[in-house]
Amino acid sequence: ATPVNSELPTATGTFVWTSANAGTTTVNVSDIALDGSWGDNYVLSTTALSGITAPASASITKKPLANSMIAAIANQTYTGLAITPIPVVTDGTPSIIAGTDYDVSYSNNTNAGTATVTITATLDGNYSGSATKNFIIDKAPLTPSVASVTSKTYDGNTSAAGTLSLATPVNS
């Protein structure tokens, strides 16, 4: 029924989105109760509503990715190949899921120095934008050893000629 005399009764209820995912526009409402003294003259025909489309201005929006969501990445050692550590990405519960919520890319991740991992939100996921985390690629250690020393005739100084060998090169 319609309120009488242009009265605009108000009510409260518990609103629950029908899904936790971004883009959701429907809600269920339970525990509906008239505010204040409106119950003196009105009675609700129901105390629950299901599958109600929220106004156009209401929906669950995507959350922006943030650099702080990516855990620190331990230093890596140069291998001659692209280094692609799997980033640990969190945003409380539920956790963010690679491939569903974001894709991963890398830059400057082959040679020693500073490399970057970037996570970029997927089109159909619950997040937007991108976030980055730098990590360090350390120089690979090499251990020199004497391969040969050339004999020489006495000349009064200590200089010598020879060759060095290094530990087996990385990825050889």
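Remember, predicted model here, so these are calculated numbers, not experimental data.

## Focus on the pairing of strand β9 (residues 130-138)
Next, step 1: Here strand β5 (residues 76-77) runs beside β9; their pairing, made up of two bridges, is parallel. Paired with Gln76 across the two strands is Ile137, which belongs to β9.
Next, step 2: Inspection of the sheet shows strand β7 (residues 113-121) paired to β9 by eight bridges, in the antiparallel sense. Considered in β9, the bridge of Val117 is made with Lys133.

## Looking at the environment of Ala160
Next, step 1: Locating Ala160 in the fold gives a position in the loop between β10 (144-150) and β11 (161-166).
Next, step 2: Exposure remark for Ala160: the relative accessible area of 61% places this residue in the exposed category.
Next, step 3: Expressed as a C-alpha distance, the spacing of Ala160 and Val149, which sit eleven residues apart in the sequence, is 7.3 Å.

## A word on the sheet that holds β9
Next, step 1: Taking strand neighbours across the sheet as the criterion, the four strands line up as β5-β9-β7-β6 in an open arrangement whose pairing is mixed. If you trace the sheet from one side to the other, it starts and ends with β5 and β6 (102-107), each paired once.

## Section: the side chain of Thr118
Next, step 1: One can find Thr118 in strand β7.
Next, step 2: The exposure class assigned to Thr118 is buried, which follows from its relative accessible area of 17%.
Next, step 3: Other than its neighbours up to four places away in sequence, Thr118 contacts Asp103, Val104, Ser105, Ser130, Ala131 and Thr132.

## A word on the packing of aromatic side chains
Next, step 1: Inspection of every chain in the model, using the stated rule, returns one aromatic pair.
Next, step 2: On the numbers, 6.1 Å between centres and 50° between planes, the contact of Trp38 with Tyr42 is tilted.

## Comments concerning the pattern of salt bridges
Next, step 1: Here the structure, examined in full by the defined rule, presents one salt bridge.
Next, step 2: A salt bridge links Lys63 to Asp91, with the shortest nitrogen-to-oxygen separation between them at 2.9 Å. Placement of Lys63 in strand β4 (residues 63-64) and of Asp91 in the loop between β5 and β6 is noted, with a sequence separation of 28 residues between them.

## Quick look at the confidence of the model for the chain
Next, step 1: Mean pLDDT over the chain: 87, with 94% of residues reaching 70 or higher.
Next, step 2: Of all helices and strands in the chain, the one with the weakest mean pLDDT is β10 (75), whereas β9 scores best (98).

## Details of the side chain of Asp101
Next, step 1: Here Asp101 shows up in the loop between β5 and β6.
Next, step 2: Buried charged residue Asp101 carries no salt bridge. Nearest counter-charge: Lys62, at 8.0 Å.
Next, step 3: A distance of 3.2 Å separates the side chain of Asp101 from the backbone nitrogen of Asn126, its partner in a polar contact.

Reading guide: rules and limits
Sequence order as written defines the numbering, with residues in each chain counted from 1. For a predicted model such as this one, the threshold for reporting local features is a pLDDT of at least 70, and the threshold for listing and counting side-chain atom pairs is 80 or more; totals across whole chains, interfaces and linings nevertheless cover every residue. By convention in this description, side-chain values take in all heavy atoms of the structure and omit both hydrogens and water. For two strands to pair, DSSP has to find at least two bridges joining them. Put simply, DSSP marks the helices as runs of H or I at least four residues long and the strands as runs of E at least two long, and each gets a number from the N terminus on. Partly exposed residues are those whose accessible area sits between 20% and 50% of the maximum for their type, while under 20% is buried and over 50% is exposed, using a 1.4 Å probe and protein chains only. In this analysis, two residues are considered to be in contact whenever any of their non-hydrogen atoms come within 4.5 Å of each other. Stacked, tilted and edge-to-face are the three classes applied to pairs of Phe, Tyr and Trp rings, where Trp contributes its six-membered ring and a pair requires centres within 6.5 Å; stacked means planes under 30 degrees apart, edge-to-face means over 60, and tilted covers the rest. Here a salt bridge means any side-chain nitrogen of Lys or Arg lying within 4 Å of a carboxyl oxygen belonging to Asp or Glu. One number per residue, pLDDT, summarises how confident the predictor is, and it ranges from 0 to 100. Charge assignment: positive for Lys and Arg, negative for Asp and Glu; neither His nor the chain ends contribute. Think of a polar contact as two N or O atoms within 3.5 Å of one another; within protein, one of them needs to be a possible hydrogen donor and the other a possible acceptor, and neighboring residues in sequence only count if both atoms come from side chains.

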